[in-house]
Amino acid sequence: MDVNELIRNEKFFYANCIAINGEALLSFRLLNGKVVIENKINFSEDDLTDIYSSFSKIFANSVYSGGEASAHGSCGFFYKKTGNIMDWVVMSLESDPFIGVEHIDGEARFISSSGSVWVVNETDDKTIDIHVIQSKRI
């Protein structure tokens, strides 16, 4: 399935997952505040949920956006898109909805309604590192 098309249609997979460069869909788990990529996974259309963006900001010619999923109140998602291409998308079943993003020192910091901050660092070779900072409820 085309990740760009899914996002345009306000749909994404109901799972702890990440899609990088619109290619492989990978599962992840949180371990000591770090997103640990696990396996490539396959989904069907039955695994989709509606998603709703609650914010969108432009930094350095890329759009950073996120929000919530309709499947459950604890789900949130965020992504980075450059032009018409989805750089990456993250869906978390445990984060709560994402309500904003900040760009600080080259990091994208996605803020959830529970007060946690998911920090995304990108390297020159297009890999990403994600870790979660727990903070006070907003």
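Residues numbered from 1 in each chain as written. Predicted model: local features only at pLDDT ≥ 70, side-chain atom pairs only at ≥ 80, totals over all residues. Heavy atoms only, no water.

Caption draft 1: Region of the structure containing the side chain of Asp87. Relative to the helices and strands, Asp87 resides in strand 8 (residues 85–92). Despite being buried, Asp87 has no salt bridge partner; Lys80 is the closest side chain of opposite charge, sitting 4.3 Å away. Separated by 2.6 Å, the side chains of Asp87 and Thr82 make a polar contact. Setting aside residues no more than four positions away along its own chain, Asp87 makes contact with Ala19, Ile20, Asn21, Lys80, Lys81 and Thr82. (Helix = DSSP H or I, 4+ residues; strand = E, 2+ residues; numbered from the N terminus. Buried < 20%, exposed > 50% of the residue type's maximum accessible area, 1.4 Å probe, protein only. Lys, Arg positive; Asp, Glu negative; His and termini not counted. Salt bridge = Lys/Arg side-chain N within 4 Å of Asp/Glu carboxyl O. Polar contact = N/O pair within 3.5 Å; in protein donor to acceptor, adjacent residues only side chain to side chain. Contact = heavy atoms within 4.5 Å.)

Caption draft 2: Local environment of the packing of aromatic side chains. In the structure shown here, the tally under the stated rule is 13 aromatic pairs. Taking the centre distance of 6.4 Å and the plane angle of 45 degrees together, the rings of Phe55 and Phe110 count as tilted. With a gap of 55 residues between them, Phe55 in strand 5 (residues 48–59) and Phe110 in strand 10 (residues 107–112) connect regions that are remote in the sequence. We classify Phe110 as buried; its relative accessible area is 0%. Plain terms: the ring middles of Tyr64 and Trp88 are 6.3 Å apart, the flat faces sit at 65 degrees to each other, and that makes the pair edge-to-face. Of this pair, Tyr64 sits in strand 6 (residues 62–69) while Trp88 is found in strand 8, placing the two residues 24 residues apart along the sequence. For the pair Tyr64 and Trp88, one class covers both residues: buried. Ring pairs connect the aromatic residues Phe28, Phe55, Phe59, Tyr64, Phe78, Trp88, Phe98, Phe110 and Trp118, which therefore count as one cluster. (Phe/Tyr/Trp six-rings, centres within 6.5 Å; stacked < 30°, edge-to-face > 60°.)

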